[in-house]
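The chain contents come next:
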Amino acid sequence: VKRQGGNGFQFYASGQMNAWTREQLEFERDFRLAIENQDKALHVLFQPIVDVQQKRVVHNEVLVRWAHPTRGLLSPGDFIPLAERVGLIGQLGDLVLWISCRIAADLAKVGQAVDISVNVASRQLLHPDFLQKVAGVLERTGLPAGRLMLEITESAVISDLPRAAEALVRLKALGVAIALDDFGTGYSSLSLLRELPLDILKIDKSFIQGIEQDHPGDEKFDFAIARAIIALGDNLGLGVIAEGVETEKHMEFLRKHHCYLQQGYYFSRPLSTTQLMQFMGRPDSIRV
Ligand code: C2E
Ligand code: MG
Ligand code: MG
Ligand code: MG
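Described below are features of the structure shown in this document. Bear in mind that the values here come from a model prediction, so they are computed numbers and not experimental data. (Residues numbered from 1 in each chain as written. Chains lettered and ligands numbered in written order. Predicted model: local features only at pLDDT ≥ 70, side-chain atom pairs only at ≥ 80, totals over all residues. Heavy atoms only, no water.)

Around ligand 1 sit 22 residues, and of these Arg65, Asn119, Asp181, Glu246 and Tyr265 come closest. In isolation ligand 1 offers 800 Å² of accessible surface; the protein chains occlude 83% of this area. When atoms are counted within 2 Å of each cavity's grid points, the one that captures over half of ligand 1 is the largest pocket. When contributions to the shell around ligand 1 are tallied by element, the ones reaching two or more residues are strand 4 (56-68), helix 2 (76-85), strand 8 (177-183) and helix 9 (205-209). (Near = heavy atom within 4 Å. Areas by Shrake-Rupley, 256 points an atom, 1.4 Å probe, with all protein chains shown as cover. 1 Å grid on protein atoms, 1.4 Å probe; cavity = no way out; pocket = protein on both sides within 12 Å on 5 of 7 lines; lining within 4 Å. Sits in = over half its atoms within 2 Å of the grid points. Helix = DSSP H or I, 4+ residues; strand = E, 2+ residues; numbered from the N terminus.)

With that settled, consider the coordination of the magnesium ion (ligand 3). Here the magnesium ion (ligand 3) is held by the protein donor atoms Asp181 (OD), Asp182 (OD) and Glu243 (OE), which lie 1.9 to 2.4 Å from it. Separating the magnesium ion (ligand 3) and the magnesium ion (ligand 2) is a distance of 3.7 Å, and aspartate 181 donates to both of them. Judged by relative accessible area, which is 6%, aspartate 181 ranks as buried. (Donors = N, O, S within 2.8 Å, 3.2 Å for Na, K, Ca; no water. Buried < 20%, exposed > 50% of the residue type's maximum accessible area, 1.4 Å probe, protein only.)

Tracing the chain through its elements places isoleucine 158 in helix 6 (residues 154-158). Considering only alpha carbons, one finds isoleucine 158 and alanine 121, 37 residues apart in sequence, at a separation of 12 Å.

Turning our eyes to something else, we now look at unusual backbone geometry. Unusually for a residue other than glycine, aspartate 182 sits at a positive phi of about 50°. Phi at histidine 258 is positive, roughly 65°, even though this residue is not glycine. Relative to the helices and strands, histidine 258 is located in the loop between helix 11 (248-256) and strand 11 (261-262). Take histidine 258: its relative accessible area is 52%, and that puts it in the exposed class.

Keep in mind these values describe shape, not function.
What follows is the structure, encoded as structure tokens:
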């Protein structure tokens, strides 16, 4: 018997519960277990965000991974939709925030301070306790607020803009920085920039990927959009990070247009803590 959203029951004969349904239910159960056990299987990687002018790592984006017992290493795209659907996205977010702040605080204690940038889902940001949670994690880990940036998306704020803006104002008052992620892809308007207390715009990687000679059609638009976002950020006094920088050509185009904060496979894939320390320890790891 499967309960259906309060409005009734649906009956399955055992044979009718097909393989797909069973797999989905197992997947959901595995995820619930991983969250509840604060399982090591749910872990974070760090992707360096570099300043190509200063040749140094300025932030590290925290990207969650799930080492599933049978399906292998899963990316957020494989399980975040599930987490959203079954109402576990808040718990996943809390776990990621806690783990990543603890790692950053531990690294600072051994003289390897790193700044981290954590993705925040709409449900987290709009939760009435979110400010307390962030403040609590900073306090318990000892990570200074200035080492934490939160990444939100346009779609995360659009469902309740006044509430999102208020939450962000309070987070900023804690000393946390705010980045608007995937900028230019959401169904929002530029007036968002006036409503939200932002520090950073992140140009979505789709606009960077277009900066290639082999797509002459799209190139014109992607060049133009990337340049417009850089100019917009400059004019508003915001930092601009380009994500999805994969080639030397991407890096050079962005640098030529004064976008010095860059993130992408050209510099580094998302790294484990050990790999990150190695990356930061090598003087020649930032290829510019
Ligand atoms: P995002 O926040 O825009 O993160 C950037 C994504 O682009 C990451 O994918 C990263 O691995 C990938 N990426 C980095 N450099 C390159 C590049 O040069 N080329 C290409 N093609 N891709 C690049 P990932 O790790 O699969 O994460 C996907 C999305 O999942 C993230 O997009 C973010 O929206 C979400 N996400 C990741 N971790 C969390 C989390 O802890 N909480 C929440 N709520 N969402 C998360
Ligand atoms: Mg992000
Ligand atoms: Mg992004
Ligand atoms: Mg993106």
